Amino acid sequence: MGTLTEELFARRLGRRVAAGDTVVAEVDCAMAHDVTGPLAIAAFRSLGLPLWDATRTVFTFDHVMPANTVAAAELHALIRAFAAEHGITNVFAEGICHQVMVEKGFIQPGGLVVGADSHSTTYGALGCFSTGLGSTDIGVVFATGRTWFRIPETISVDVRGELSPGVVAKDVALHVIRRLGADAADYCAVEWSGEAVRAMSVDSRLTLCNLSVDFGAKAGLIEPDATTFEYVGGTPFELRAVRPVYAMRIEVDATSIVPQVAVHPAIDNVHDIDDVAGTPLDEVFIGSCTNGRLEDLAVVAGAFAGQQVHPRTRTVIVPASRRVYLDALAAGYIETFARAGALVLNPGCGPCLGRQHGVVAPRENVLSTSNRNYPGRMGSPDARIFLASPAVAAASALAGEIAGPGRTA
Amino acid sequence: MARVFKLGDSVSTDAIIPGRYNVTTDPDALRRGCLVEARPDFVETVRSGDVIVAGRNFGCGSSREHAPMAIKQNGVAAVIAASFARIFYRNAVNIGLSVIRCGSLHDAVEDGDDIDVDPRNAVINAGGRTFDGDPPSGVALRIIEAGSLVDLIRQGGWAALEEEVHVS
């Protein structure tokens, strides 16, 4: 009896747990990528222990893929050598870690997964408790299969009613972050529920749980339902919060939400679209672990059909994974993007973290569908970053300035 | 005497070590990239034993352990903040960088002030006043006592935490 988090750990440990307890638990798998992997390997090596389980160790190349400097290439080589040495075959260079983890079946309802990346909260969309850890913690998991968890308190976010056309999961998350603040969920789990969440696709649910860490959450969780099991396959089972005690409950009226924009330099500096519409844009980036999935690209393709992106606005589109890329190709989206004048780059993190293609100059304005607008995140600290949904990004790319979905300047 | 480097709220790991500066695991390269844009004078002027005093949500954002490493490599004795983002706090403890939660210090000190810190007891002296932070407890204290997470695991594996947790 308890929150989704308490129920999930109780299943896992075979006994009741409550928020505030500290437990050590074996995880299903542990992931590290091309930035965090090398330090995790260093921590693992310093332990002098054998690898826990090669089949449950996952490496992805996404943050700087393909390598753009000798230093990055050396780190990639280090990871590949380690994987070869230990017989690790779960080594993927085909998209963003979080999308690849979901696509490859590492994420199951009722599961427990850790990743050396803060957005590892994403997997809660499938009813899996997952959280981000640093490299040393992941290196210890590589050796022992375990880590320690303090069972977090939970914030319940009940999203009632239906979303308006052109309003999506990204807007819901930004609306909640606007209300609660950038550190409101520190050390807590966030449970997303309500009619609007139930109606969401898995792609949208992944967006909600992904953005949970951006107001501090240790995990974002959605109770598995028919939509979940249809997506992951397997035998449905019940994992639901039972008479839960929440640290905080908030209700959101889905019908009242309009497209939201998080304005430089903070994720909680959120405004209604009309407050910032008309801001000229030098770059639009559509992609990332937040909004680079097929559903997102479909929205953009719908807006771009027969249109041209504004000549002053570099428009960079990065499918989250090879599978998303292939599906977008089959659906004709990639051709639509290219004909509209957008640049389509290889699957991966793209310009999100300012490490590869799409770096922005001082005083430039960039609108991104990603998750972070800290100064310097995408290049120059003197660039301004606006975060919004794919629908807003598409309309803005066509207008050359921030614009709401369905409208072009 | 140690000095205060005062920072604001929500100092992200991107600010501590921007993504463009952490394509390396070399500790000295990380040292040089520390706060390179947010506080460009930091690396040039910091002395061993100095203290970072920050507001809320220190270390938010990316899980990059390069961030606490970069601070530690500059000889910082402790980071004292009104609150810490979860992953940064855990990373700092894991690698032996002292982190102290103290809500009242930030408004009471200025950049460059003298400061004296006892990290284990979370007692801070600055400006003739004494401030009590939250001393480390639970698993974090056990890791700190061992030196680092790697040291703790080396010294007895997860069984070393038996008193703190139920080991499944």
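**Examining the overall build of chain A**
From N to C terminus, chain A includes 15 helices and 18 strands. Taking 22 Å as the expected radius of gyration for a compact globule of 409 residues, we find that chain A reaches 20 Å, a close match to that expectation. By principal-axis analysis of the C-alpha atoms, chain A measures approximately 60 × 50 × 40 Å. Residue pairs at least 24 apart in sequence account for 76% of intrachain contacts in chain A once pairs closer than 6 positions are excluded.

**So, the overall build of chain B**
Per the secondary structure count, chain B includes 7 helices and 8 strands. At 16 Å, chain B has a C-alpha radius of gyration in line with the 15 Å of a compact globule built from 168 residues. When its C-alpha atoms are laid out on the principal axes, chain B stretches across 45 × 40 × 25 Å. For chain B, long-range pairs separated by at least 24 residues make up 64% of all intrachain contacts whose partners lie at least 6 apart in sequence.

**Quick notes on helix H7 (residues 149-156) of chain B**
Every buried residue of H7(B) is listed here: Leu149(B), Val150(B), Leu152(B) and Ile153(B). Axial view of H7(B): buried residues confined to an arc of 160°, hence all on one face. Considering only its buried residues, H7(B) is in contact with helix H2 (37-47) and helix H5 (135-144) of chain A together with helix H5 (86-95) and helix H6 (138-146) of chain B. Just downstream of H7(B) lies Gly157(B), where phi reads positive at about 65°.

**Concerning the sheet that holds strand E2 (residues 29-33) of chain A**
Residues and elements named next belong to chain A. With respect to topology, 5 strands assemble into an open sheet ordered E4-E3-E2-E5-E6, the strand pairing being parallel. Looking along the sheet, the strands with just one partner apiece sit at the ends: strand E4 (91-92) and strand E6 (129-132). Examined bridge by bridge, E2 and strand E5 (residues 112-115) share 3 bridges and lie parallel to one another. Counted as the bridge partner of methionine 31 is glycine 115 from E5.

**Digging into the domain arrangement of chain B**
Residues and elements named next belong to chain B. What the domain assignment lists for chain B is domain 1 (2-134) and domain 2 (137-168). The straight-line distance from the C-alpha centre of domain 1 to that of domain 2 is 24 Å. Listed as interface residues are 4 residues of domain 1 and, on the opposing side, 6 residues of domain 2. Classifying every residue of the side of domain 1 that touches domain 2 by side-chain character gives 2 nonpolar, 2 polar and no charged.

**Thoughts on the pairing of strand E12 (residues 260-263) of chain A**
Moving residue by residue along a regular strand, the side chains alternate between the two faces of the sheet. Residues and elements named next belong to chain A. With burial as the criterion, each face of E12 is covered, one bearing Gln260 and Ala262 and the other bearing Val261 and Val263. Across 3 bridges, the pairing between E12 and strand E13 (residues 270-272) is antiparallel. In the sheet register, glutamine 260 faces E13, and the bridge partner there is aspartate 272. Counted along the chain from E12 to the antiparallel partner E13, the turn is 6 residues long.

**Digging into the nonpolar core**
Among the nonpolar cores identified, the biggest contains 203 residues, and Val261(A), Val300(A), Phe386(A), Ala394(A), Val79(B) and Ile80(B) are the most heavily contacted of them. Here this core gets 8 residues from one element, more than from any other, and that element is helix H15 (residues 390-399) of chain A. Not counting chain neighbours up to four residues away, the residues in contact with Val261(A) comprise Val270(A), His271(A), Ile273(A), Val276(A), Phe386(A), Leu387(A), Ala388(A), Val392(A) and Ile402(A).

**Thoughts on the interface of chain A and chain B**
Counting residues at the interface gives 48 residues for chain A and 42 residues for chain B. For the side of chain A that touches chain B, the elements supplying multiple residues, two or more each, are strand E1 (22-26), H2, helix H3 (70-86), H5 and strand E7 (146-150) of chain A. Examining the composition of the side of chain A that touches chain B, we find that 6 residues originate from one element, H2(A), more than from any other. Class assignment of the residues belonging to the side of chain A that touches chain B gives a composition of 25 nonpolar, 13 polar and 10 charged.

**Description of the packing of helix H6 (residues 169-180) of chain A against helix H8 (residues 202-212) of chain A**
Residue and element names in this part refer to chain A. Closest axis-to-axis distance for the H6/H8 pair is 8 Å, and the angle between their directions is 25°. The orientation of H6 with respect to H8, classified from their angle, is roughly parallel. Considering only the axes of H6 and H8, their crossing is right-handed. Counted together, Ala169, Lys170, Val172 and Ala173 of H6 and Ser204, Thr207, Leu208 and Leu211 of H8 form the full contact between these two elements.

**Remarks on the environment of Val242(A)**
All names here are of chain A. Its place among the elements puts valine 242 in the loop between helix H9 (226-232) and strand E11 (248-253). Residues valine 242 and alanine 84 lie 158 residues apart in sequence; the distance between their C-alpha atoms is 45 Å. Among residues more than four places away in sequence, those in contact with valine 242 are Met1, Gly2 and Glu7.

**Brief notes about unusual backbone geometry**
Residue and element names in this part refer to chain A. Residue proline 66 follows methionine 65 across a cis peptide bond; omega there is -5°. By the element assignment, proline 66 lies in the loop between strand E3 (57-60) and H3. Put simply, histidine 264 and proline 265 share a cis peptide bond, and its omega is 5°. As for its placement among the helices and strands, proline 265 is situated in the loop between E12 and E13. The residue arginine 363 is not glycine, and still its phi comes out positive at about 70°. Note on placement: arginine 363 falls in the loop between strand E16 (343-344) and strand E17 (365-368).

**As for the environment of Asn90(A)**
Residue and element names in this part refer to chain A. Summarising the element assignment, asparagine 90 is placed in the loop between H3 and E4. Classification of asparagine 90 by C-beta neighbours within 10 Å gives partly exposed; the count is 18. Each C-alpha atom of the pair asparagine 90 and arginine 11 lies 27 Å from the other, and the pair is 79 residues apart in sequence. Non-local contacts of asparagine 90, meaning those with residues more than four positions away in its chain, are made with Thr57, Val58 and Phe59.

About the criteria used
Residues numbered from 1 in each chain as written. Chains lettered and ligands numbered in written order. Predicted model: local features only at pLDDT ≥ 70, side-chain atom pairs only at ≥ 80, totals over all residues. Helix = DSSP H or I, 4+ residues; strand = E, 2+ residues; numbered from the N terminus. Rg over C-alpha atoms; globule rule 2.2 N^0.38 Å. Contact = placed C-beta atoms within 7 Å. Buried ≥ 20, exposed ≤ 12 C-beta atoms within 10 Å, placed from the backbone. Arc of directions from axis to C-beta. Pairing = 2+ DSSP bridges. Domains from an automatic or database assignment. Nonpolar A, V, L, I, M, F, W, Y, C, P; charged D, E, K, R; others polar. Core = buried A, V, L, I, M, F, W, Y, C linked by C-beta atoms within 7 Å. Axes fitted to C-alpha atoms, helices over the stretch in contact; angles between N-to-C directions. Parallel < 35°, antiparallel > 145°, perpendicular 65-115°, else oblique. Left-handed = near helix turned anticlockwise from the far one by under 90°.

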